[in-house]
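The lines below spell out each chain.
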Amino acid sequence: MSQKNVEIENVKKIVSLLKQYDFAPTQQEKDDFLKQLYNTNVGAHTLITKYGYKPVVLANRLKKAVLLDKYRPKNMSFIKLATSKDLDNIKGEFDTFDSKLSKMLKDKENPKVIRERFMDGVANVYFLAKQFAIDWLNMLDNHKDLVEAARNAKESEAAAIYDKLFFVLSQDFCKKYDCHIDSRVVTDWGELDKRHPDLDLESTLGIHQYTYGLTFPSGLPESEREKIKKVFQRKPSDCPYAYKASSVRINITNVRKKRPEPTDFFYSMICFFAHEMHHALDYEHPRQGALGSQIEYIDGLLYTLPSKTLEKDTNAYYESATEISSYNIQHELYSQLRNRHF
């Protein structure tokens with residue numbers, strides 16, 4: 001598959017339509033280009049029709065925004081970057097920041113209201129899900145033998161074969177995003193490092209667990225290493241040589257119970273794996289996903305597991321920003337797998 005960038009392709013189409021709209025000789029032709037612009041990007045259409053943005057100005061700012069893509073947190077759309085008052089002053093990496101969201105947290109606003117505020121911050125997930133799905137298909141194409149082996153595996157051999165496939169996919173993913181992820185396929189949840197008392201493990205298909213790793217500079221004396229280890233054991237996040245790491249587990253037994261049809265089972269294993277891997281990306285490098293650093297932090301404070309007890313707010317889990325992102329990616333990847341008859 002081609003290594004295309006969904007967002008940049010969308011921007012190119014917007015710029016082309018804006019130019020055609022600007023030079024269209026009749027109102028009928030302008031209206032036709034506006035309809036195409038609406039179907040291409042509602043945000044761009046709104047800026048032109050409701051906020052009086054001049055097409056040529058927006059087109060030029062979008063082209064500049066693309067040139068600054070390497071500095072852009074991926075939860076910020078190109079439209080938002082192009083219309084930002086800071087566009088002409090960006091010289092390096094930056095994070096999106098919502099002052100209202102920060103105040104809501106400080107004022108201990110109702111978590112449900114804060115989660116509703118997340119929706120504006122993760123709006124770019126539509127394009128990111130498409131891009132991530134394409135990236136996953138490209139990674140799968142790089143391991144066709146293992147993919148074919150997993151798809152046709154006997155039930156008795158499936159866990160080991162999917163484990164091999166997910167291992168190489170994890171390596172590709174971690175190389176691309178500089179992540180540290182240990183992924184495994186399990187047949188039961190007895191191998192979990194940490195257990196959550198409220199989690200219904202009988203229906204849980206996959207789990208991402210937050211962890212930390214530790215590395216030392218070369219030549220560091222053993223006495224200093226021991227001091228650092230003590231800090232790490234007490235509180236890893238305070239340790240200067242600690243790094244975020246993740247544990248991803250997929251329960252093949254539970255997946256097979258939920259999705260027994262062979263093709264659906266194969267697609268589901270891939271998609272549930274991708275779902276959990278993107279939780280790991282959100283945790284380790286939130287700028288690379290649909291959340292951004294601020295929302296990832298607040299979302300982590302408010303995160304609620306799907307509970308087996310009726311007293312819990314079951315909607316809170318699905319309103320989590322990282323779940324919104326991972327489910328969008330999961331569903332888009334499933335759709336693309338099915339459309340390609342992978």
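See the structure above.
Owing to the predicted nature of the structure, the values given are computational and were not obtained by experimental measurement.

Rules of the game
Residues numbered from 1 in each chain as written. Predicted model: local features only at pLDDT ≥ 70, side-chain atom pairs only at ≥ 80, totals over all residues. Heavy atoms only, no water. Helix = DSSP H or I, 4+ residues; strand = E, 2+ residues; numbered from the N terminus. Buried < 20%, exposed > 50% of the residue type's maximum accessible area, 1.4 Å probe, protein only. Contact = heavy atoms within 4.5 Å. Lys, Arg positive; Asp, Glu negative; His and termini not counted. Charge placed at Lys NZ, Arg CZ, Asp CG, Glu CD. Pairing = 2+ DSSP bridges. Axes fitted to C-alpha atoms, helices over the stretch in contact; angles between N-to-C directions. Salt bridge = Lys/Arg side-chain N within 4 Å of Asp/Glu carboxyl O. Core = buried A, V, L, I, M, F, W, Y, C linked by side-chain atoms within 4.5 Å. Parallel < 35°, antiparallel > 145°, perpendicular 65-115°, else oblique. Left-handed = near helix turned anticlockwise from the far one by under 90°. Nonpolar A, V, L, I, M, F, W, Y, C, P; charged D, E, K, R; others polar.

Colleague: I'm lost on the overall build of the chain in this one. Help?
Modeller: In terms of regular secondary structure, the chain is built from 16 helices and three strands. For the chain, the C-alpha atoms occupy an extent of roughly 70 × 50 × 50 Å along the three principal directions. For the chain, buried positions account for 48% of its 342 residues. For the chain, restricting intrachain contacts to residue pairs at least 6 apart in sequence, the fraction spanning at least 24 positions comes to 68%. Each charge sign in the chain was given a centre, from 51 positive and 48 negative side chains, and these centres are 4 Å apart.

Colleague: I'm lost on the sheet that holds strand β3 (residues 242-251) in this one. Help?
Modeller: Sheets are built from strands paired through backbone hydrogen bonds, the pairs being either parallel or antiparallel. Strand order in the open sheet formed by three strands is β1-β3-β2, and the pairing between neighbours is mixed. Taken across any chain shown, the strands that pair with only one partner, and hence form the sheet edges, are β1 (181-186) and β2 (206-214). With strand direction ignored, the average angle separating the axes of adjacent strands in the sheet is 20°. Bridging between β1 and β3 involves six bridges; their strand directions are parallel.

Colleague: What's the story with the pattern of salt bridges in this structure? I'm lost.
Modeller: Should their charged atoms come close, side chains of opposite charge can pair. Tallying each qualifying case throughout the model produces 20 salt bridges. Glu7 serves as the salt-bridge partner of Arg72, at 3.0 Å between the closest nitrogen and oxygen. Here Arg72 is found in the loop between α4 (55-67) and α5 (78-82), whereas its partner Glu7 is found in helix α1 (residues 6-23), with 65 residues between them in sequence. Residue Lys229 pairs with Glu226 through a salt bridge whose shortest N-O separation is 3.5 Å.

Colleague: In this structure, what is going on with unusual backbone geometry? I would like to understand it.
Modeller: For Lys108, which is not glycine, the phi dihedral falls at a positive 55°. Mapped onto the secondary structure, Lys108 falls in the loop between α6 (99-106) and α7 (111-121). Residue classification places Lys108 among the exposed residues on the basis of a relative accessible area of 74%. Despite not being glycine, Asp178 has its phi angle at roughly 55°, a positive value. For Asp178, a relative accessible area of 52% corresponds to the exposed category.

Colleague: Before we go on, may I ask you to explain the nonpolar core in this structure?
Modeller: Most often, soluble globular proteins have nonpolar side chains that are buried together. Counting residues in each nonpolar core, the largest one holds 58 residues, and the members touching the most others are Trp136, Tyr162, Phe166, Phe173, Met269, Leu333 and Leu337. If one sorts the elements of this core by residue count, helix α13 (residues 262-284) sits on top with twelve residues. If sequence neighbours within four positions are ignored, Leu337 has contacts with Leu137, Leu140, Tyr267, Ile270, Cys271 and Phe342. Ile8, Val11, Leu34 and Ile90 belong to the second largest nonpolar core, which has 27 residues in total.

Colleague: Honestly, the pairing of β3 in this entry has me stumped. Any pointers?
Modeller: Each regular strand displays side chains that alternate between the two surfaces of the sheet. For β3, the tally of buried residues reaches seven of ten residues, placing the bulk of the element in the interior. Bridge analysis of β2 against β3 gives nine bridges, and the strand direction is antiparallel. When the sheet's bridge partners are listed, Tyr212 is paired in β3 with Lys244.

Colleague: Can you walk me through the packing of α1 against helix α2 (residues 27-40) in this structure?
Modeller: Working note: a packed helix pair is described by the angle between its axes plus the distance between those axes. With their axes 9 Å apart at the nearest point, α1 and α2 run at an angle of 165° to one another. If you check the angle between α1 and α2, you find them roughly antiparallel. Along this stretch, α1 crosses α2, giving a crossing that reads as left-handed. Of the residues in α2, those touching α1 at Asn10, Lys13, Ile14, Leu17, Leu18, Gln20, Tyr21 and Asp22 are Lys30, Phe33, Leu34, Gln36, Leu37 and Thr40. Looking at the contact of α1 with α2 residue by residue, the class counts come to seven nonpolar, four polar and three charged.

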